[in-house]
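Below, each chain spelled out in residue letters.
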2 protein chains.
Amino acid sequence: MSLPLENFFKQVDALSEPFIDRLRKAVAIPSISAEDERRPDVFKMGDFLASELEAVGAQVEKRYLGKQPHKEHLDLPPVIVARYGHDKSKRTISVYGHYDVQPAQKEDGWATEPFELSIDENGRMYGRGSTDDKGPVLGWLNVIEAHRKANIDFPVNLLMCFEGMEEYGSEGLDEFVREESQKYFAGTDAVCISDNYWLGTEKPCLTYGIRGCNYYSVCISGPGQDLHSGVFGGSTQEPMTDLVRVLGSLVDTHGAIEIPGLMDLVAPLSDEEIATYSGISYSMNNLYESLGSTTAVFDNEQQTLMARQALSCQWRYPSLSIHGIEGAFSAPGAKTVIPAKVIGKFSIRTVPDMQPDDVDELVFKFVKEEFAKLGSKNTLEVSLQHSGKWWVANPKHWNYNAASRAAEHVWGVKPDLTREGGRFTSILSISG
Amino acid sequence: MSLPLENFFKQVDALSEPFIDRLRKAVAIPSISAEDERRPDVFKMGDFLASELEAVGAQVEKRYLGKQPHKEHLDLPPVIVARYGHDKSKRTISVYGHYDVQPAQKEDGWATEPFELSIDENGRMYGRGSTDDKGPVLGWLNVIEAHRKANIDFPVNLLMCFEGMEEYGSEGLDEFVREESQKYFAGTDAVCISDNYWLGTEKPCLTYGIRGCNYYSVCISGPGQDLHSGVFGGSTQEPMTDLVRVLGSLVDTHGAIEIPGLMDLVAPLSDEEIATYSGISYSMNNLYESLGSTTAVFDNEQQTLMARQALSCQWRYPSLSIHGIEGAFSAPGAKTVIPAKVIGKFSIRTVPDMQPDDVDELVFKFVKEEFAKLGSKNTLEVSLQHSGKWWVANPKHWNYNAASRAAEHVWGVKPDLTREGGRFTSILSISG
Ligand SMILES: [Zn+2]
Ligand SMILES: [Zn+2]
Ligand SMILES: [Zn+2]
Ligand SMILES: [Zn+2]
């Protein structure tokens, strides 16, 4: 190990208490982007992050994104952008993370208070956002601080981009990134996203592919307004009756997508690709732990094989999920309304070589055919709500090699090379 | 016309401005029981009603029902009970109505401001609650006031019961009525519900039957918590996939209930009963107007016959409506969550001679069988959320005769005798 690197790691160890304290402060702010009443906490977390970034010497800007679409009474939290270093002789890495978190309540089954950082006897830390994504975001601040305190030159220029709406669909981010890709993020040599999932709990991983996502709405309408089922049940055709049938035709309980032609768009699996799946650290138990259940699609016999199948489904094949219905009764309790207009939402995770437009065409045709079979007088409209294309990088790129060597150095094991769900496509676009 | 009656009608005409003004004030209070932020307006409307009742000489009490189930941050609005007259030689009529209204917004397609009483060139009044149910409720105050001002003895004792949660499932009312049926409402000779629907817009109607309602929940759960579809789509079985299929098996687009044996529970249609449907004022256009669309179950050819069929479906046969799904994404926009636990809600309107328990048995068996067919690893639970039995009265009872004569006197036409949806069964129980 070179001397500067040795000094760097010493400094990291020396700073471990302040680093943990920084995470503790961040976890204590319940910056839940999906809950309206927590919006002030999301802003508070943005302020905290900005001032911590300034404290380690970054040039920080808060970029406001206006009102939240569909919830105009709420302001979107700012994207915190920050630059560290401006040396033309160095490479420039753009870094993405998010400072909002998902909802969490002790009653949901947490063993500890979700918004208090708890440390167990093995030194593992628990708390909402500790891994997704406050920990990884603060990692960048920590690495800057350790370099400064150890008096070691920082090896790259960093352009950081930390948003506050990731857990609610990254509202406003796409536009922001499109605007800024040739401005704030100009000169980016590579992008690094600090927001992925390990396969297990022991081995780090590097993600080199992300599935795309085509998100659809199926709107079925009939009556001019919601009706009382006691009065009109039996004399009107009900949009919900049709919608559950149309949604029920899309995918079976084992995840097989029933839209003809869709699987033909998927790139064939080569032997070379199969080989990359060997040696990956994964077992069915990893999946069961993540799911919090054993309701996996594949059986738990022949674990290795099955795990590989499950993995390739997570990365390699498309999937279709039904997310919910807008316009119907969705609260607890019992309401006897016949909804006049209901909007089913589903999405398809896309993979190479599926072209988003081809997917749309097959989906629209199938949904319309299934609806026509019902012989309903209601009206159906199916539309694409948004589309993000899949992305696959070359895992032998210099940036992956550097990350892989660094991870192996720290963890003593080569990281898994993984693919993932479907996000961040707009951010990835800035690496050109 | 007897002299007192003549004086009474003169007084009604003389009071028409104050009567309209009373309705105007009531419509202006947006007492929407289904919207949390409008709850103070529901209370305000309760206060207004109570003070108006006092002003006409009734003895008023506000009966508070505690917190709202599933929404413990909200107080239930009080039931306003009021007595007018306490003369042992007279009959006692218990009267029901509600002072809450359904949501309404100009954007929903209103031609006028919903919370402003508007009067058109024909003297017809528009405004949320003008017919459902503030107008009918205030009718009782008006009739008392006109008697008093005309100095005519009121012919019966009135026990009034006006609730503020009808449009949100009459939360708390059942218990209240059960408690009070032998206390506050003791001595009731007949019940009068001022909250029904005319078939058209010209002819009044008297309702002598109400369908029952069995309300069911189907809960399907799998993963331990909500999952990200990008990460887990394709490797977990998804409760929503199963739920839309189970809900899709219940009823077809034409309203035919697919639960075997259910229709066998319905009383056969006798010739005598068929005869009662003749002479009813109704056309398909009445139905289309109410629906705000032409998406009726039956075609519009042979209007009379079809109208009769549609009517008997509204009154005479069971229907099944799917109301919505709890636990899934239901807001506007796009969220890519895989819900871990979803609860489908549907209800069956029941008619003579369906026994609620028999219906439960058939429903539970069918839902479990349909779920079993899927071969899913998820878990299903189906349960009855609440049950209200159908009710049919004798339309030749003295109270109907009196109402019919009174309606004919005012409108110059015999009122339609109708049956309706499914509500008020608890109130009806107090007439013994
Ligand atoms: Zn994240
Ligand atoms: Zn997340
Ligand atoms: Zn009503
Ligand atoms: Zn109503």
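Residues numbered from 1 in each chain as written. Chains lettered and ligands numbered in written order. Predicted model: local features only at pLDDT ≥ 70, side-chain atom pairs only at ≥ 80, totals over all residues. Heavy atoms only, no water.

**A short note on the coordination of the zinc ion (ligand 3)**
By definition of the ideal shapes, a tetrahedral metal site with four donors has angles of 109.5 degrees and an octahedral site with six donors has angles of 90 or 180 degrees. Residue and element names in this part refer to chain B. Looking at the zinc ion (ligand 3), the protein donor atoms are H98 (NE2), D132 (OD), D195 (OD) and D195 (OD), and they sit 1.9 to 2.5 Å from it. Each of the four donor atoms bound to the zinc ion (ligand 3) contributes to angles spanning 55 to 143°, and the resulting shape is irregular. Taken in chain order, the donor set of the zinc ion (ligand 3) reads H-x33-D-x62-D. Here the zinc ion (ligand 3) and the zinc ion (ligand 4) are spaced 3.3 Å apart, with D132 acting as a shared donor. Here D195 lies in the loop between β9 (190-193) and β10 (205-210) and H98 lies in strand β5 (residues 92-98), a separation of 97 residues in the sequence. Residue H98 shares its accessibility class with D195, and that shared class is buried. (Donors = N, O, S within 2.8 Å, 3.2 Å for Na, K, Ca; no water. Tetrahedral: all angles 85-135°; square planar, octahedral: opposite > 155°, others 65-115°. Helix = DSSP H or I, 4+ residues; strand = E, 2+ residues; numbered from the N terminus. Buried < 20%, exposed > 50% of the residue type's maximum accessible area, 1.4 Å probe, protein only.)

**Looking at the nonpolar core**
In terms of nonpolar packing, the biggest core is built from 64 residues, with F346 of chain A together with F346 of chain B touching the most fellow members. Filtering out sequence-adjacent residues up to four positions away, F346 of chain A remains in contact with N214, Y215, Y216, V218, L247, L250, L320, S321, I322, H323, V363 and V367 of chain A. (Core = buried A, V, L, I, M, F, W, Y, C linked by side-chain atoms within 4.5 Å. Contact = heavy atoms within 4.5 Å.)

**As for a nonpolar patch on the surface**
All names here are of chain A. Judged by side-chain polarity, W198, V410 and W411 come together as a nonpolar surface patch covering roughly 310 Å² of accessible area. Along the chain, W198 falls in the loop between β9 (190-193) and β10 (205-210). Residue class for W198 comes out partly exposed when judged on its relative accessible area of 31%. (Patch = residues over 30% accessible without salt bridge, like charges linked within 9 Å, V, L, I, M, F, W, Y side chains within 5 Å. Areas by Shrake-Rupley, 256 points an atom, 1.4 Å probe, with all protein chains shown as cover. Salt bridge = Lys/Arg side-chain N within 4 Å of Asp/Glu carboxyl O.)

**Side note on the relation of the copies chain A and chain B**
Note: a rotation about an axis with an accompanying shift along it relates these two copies of the chain. Expressed as a screw operation, the relation of chain A to chain B combines 0.2 Å of axial shift with a rotation of 180°, fitting to an RMSD of 0.2 Å. Taken together, the turn and the small shift mark the pair as related by a two-fold rotation axis. In terms of C-alpha distance to the rotation axis, chain A has V244 of chain A as its closest residue, with the C-alpha 2.5 Å off the axis. Both copies contact each other with a shared surface, as 100% of the interface residues of chain A are interface residues in chain B too. (Least-squares fit on C-alpha atoms with pLDDT ≥ 70 in both.)

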